[in-house]
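Listed below, chain by chain, are the residues.
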2 protein chains.
Amino acid sequence: MASNHKIFVVEDDNDISRLLRHHLEVAGYRVRAFSTTNQVLSEAQKDRPSLFLLDIMVPGGDGLELCRQIRQGGNNIAGVPIIFLTAKTDETDRIVGLEMGADDYVTKPFSPRELVARVKAVLRRSERPLPPAVINLGDLEIDSSSMILTVSGEPKMTTATEFRLLYHLASHAGKVFTRDQLLDAVWRDTSFVTPRSVDVYVRKLREKIERDPENPRYLKTVRGAGYRFEAPK
Amino acid sequence: MASNHKIFVVEDDNDISRLLRHHLEVAGYRVRAFSTTNQVLSEAQKDRPSLFLLDIMVPGGDGLELCRQIRQGGNNIAGVPIIFLTAKTDETDRIVGLEMGADDYVTKPFSPRELVARVKAVLRRSERPLPPAVINLGDLEIDSSSMILTVSGEPKMTTATEFRLLYHLASHAGKVFTRDQLLDAVWRDTSFVTPRSVDVYVRKLREKIERDPENPRYLKTVRGAGYRFEAPK
DNA sequence: AGCTTCTTTCACACTCCCTTAACATTTCTC
DNA sequence: GAGAAATGTTAAGGGAGTGTGAAAGAAGCT
């Protein structure tokens, strides 16, 4: 249920802001709330949010202006999706806002479910499509679109987490990952997971892909650092 | 990002027209806007657009009429896809599907995300050869033109949603879809629908297509990910 | 209106996966 | 070679994800 997405909420009304935060957090997102536009831009450049949720009528230079600044090239956040919060009646605001480059809007009063659904939809669309669907290495075939692992022609059952881990390692073959990096990349919610969990999964994968799990050809341990997937020559 | 597609927009409200143009252009399409239907047809025959975006309520002979004229044989644009813009309250399903031969519709007020997504989807569909109207897999026959499902020669009744879901899964056999992806592809407005609704439909489909619904051969669960339709060998 | 049919949600049962903790083993350091 | 640190391995409980029936909610039909 949890995801790694961080959302910047810019809303001056404290009640609404708390409400937004609450619903978004329940939905598994991390939230940072701002009551004015002042520091949003500079913080965003440091903190790299996945999405902005802007009230169109916040004080301190309004939301539209902030939207334009975000969209402006030159910073590293120009591509981050934006959702506007608008009053139901104010059609012109909405239109202007959308023209400014927002990705969607939610009208107040909003239903929590719709809010979350729109956030989810925008984030889903902004995710870049996965790199090559099928990875072939040695006698392995890792097909991410069907989530099927084949070893020497034999299909092997894997759990979702096993598969994601394998896919991540194999699609960056040669690169060493620390346990923490793997947790960040592969696990949905890293907050309460021991890095040692990775070890357990590495073992499970070795049992499935290695001839001799004790002497792995693919999934190598890099002592003191982490793990590396090694492509056979 | 750029594509060679040219879109004819027919819309009398100037604000909305500008908005449409803006978002379509940002998405990489070329746009020609018309505020009445008068010259659309003649211009289209010269200029060959890839898609029409018609407000259903434009003055000068309404959008439906224009749609009919476009679809009429004898010109060279009969096959160009059409998307309608409609007010939310309208009864759109019938208009789109049966009578007029439109390809999709977008309700006002629309979100840019949705607009562009639908335009993209329709263009994508029109570019590649149509997916086969009849899918034959194992003892299943899924005929999308007549919306008839046959299992081992036995015709089975399905609802529209059941059929669309089955068709989507079967026409991408092997690929895993998350519940959210299925909602996007099969349902119209996902904002108010729980992903779990998909489960219910999967179950209904299993009851109709599987010998043993508890051990499905076709419609497999991929735990932690979603569902996959598996073609038998 | 009343009826039917489809859609969506809810609640509960159940299964399987995930995480952890504990112990075993290997590798490094002095 | 002894101790420390890192990794390998195993099994169990608790929890998340899914299956399922029923009932409320929409939408169309007569």
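All values derive from a computational prediction rather than experimental measurement. (Residues numbered from 1 in each chain as written. Chains lettered and ligands numbered in written order. Predicted model: local features only at pLDDT ≥ 70, side-chain atom pairs only at ≥ 80, totals over all residues. Heavy atoms only, no water.)

A. Region of the structure containing the packing of aromatic side chains. Residue and element names in this part refer to chain A. On inspection of all chains with the given rule, the structure shows 9 aromatic pairs over all chains. Between tryptophan 187 and tyrosine 201, the aromatic rings sit 5.5 Å apart at their centres with planes inclined by 85°, giving edge-to-face as the arrangement. Pair noted here: tryptophan 187 is in the loop between helix H7 (179-186) and helix H8 (196-209) and tyrosine 201 is in helix H8, with a separation of 14 residues, a long-range link. Taking the relative accessible area as the measure of exposure, tryptophan 187 reaches 12% and is therefore buried. Given the relative accessible area of 18%, tyrosine 201 is considered buried. (Phe/Tyr/Trp six-rings, centres within 6.5 Å; stacked < 30°, edge-to-face > 60°. Helix = DSSP H or I, 4+ residues; strand = E, 2+ residues; numbered from the N terminus. Buried < 20%, exposed > 50% of the residue type's maximum accessible area, 1.4 Å probe, protein only.)

B. Representation of the interface of chain B and chain A within the structure. Each partner contributes to the interface: chain B provides 26 residues, whereas chain A provides 25 residues. Carbon and sulfur atoms make up 52% of the surface buried where chain B meets chain A, a total of about 2200 Å² over both sides. When the buried surface of chain B facing chain A is broken down by residue, Arg113, Ser191 and Phe192 of chain B rank first, second and third, together holding 26% of it. Summed over the shared surface of chain B and chain A, the result is 4 salt bridges. Notably, a salt bridge pairs aspartate 104 of chain A with arginine 113 of chain B, separated by 2.5 Å at the nearest N-O pair. Listed by contribution, the elements that provide at least two residues to the side of chain B that touches chain A are helix H1 (14-26), helix H5 (112-127) and helix H7 (179-186) of chain B. Considering each element in turn, the side of chain B that touches chain A owes the most residues, 5 residues, to H1 of chain B. For the side of chain B that touches chain A, a count of residues per class yields 10 nonpolar, 8 polar and 8 charged. (Contact = heavy atoms within 4.5 Å. Buried area = accessible area lost by both parts, 1.4 Å probe. Salt bridge = Lys/Arg side-chain N within 4 Å of Asp/Glu carboxyl O. Nonpolar A, V, L, I, M, F, W, Y, C, P; charged D, E, K, R; others polar.)

C. Structural view of the packing of helix H6 (residues 160-171) of chain A against H8 of chain A. All names here are of chain A. Where H6 contacts H8, the two axes come as close as 10 Å, and the packing angle between them is 80°. On the basis of the axis angle, H6 is roughly perpendicular to H8. Here Thr161, Glu162, Leu165 and Leu166 of H6 come into contact with H8, specifically with Tyr201, Val202, Lys204, Leu205, Lys208 and Ile209. (Axes fitted to C-alpha atoms, helices over the stretch in contact; angles between N-to-C directions. Parallel < 35°, antiparallel > 145°, perpendicular 65-115°, else oblique.)

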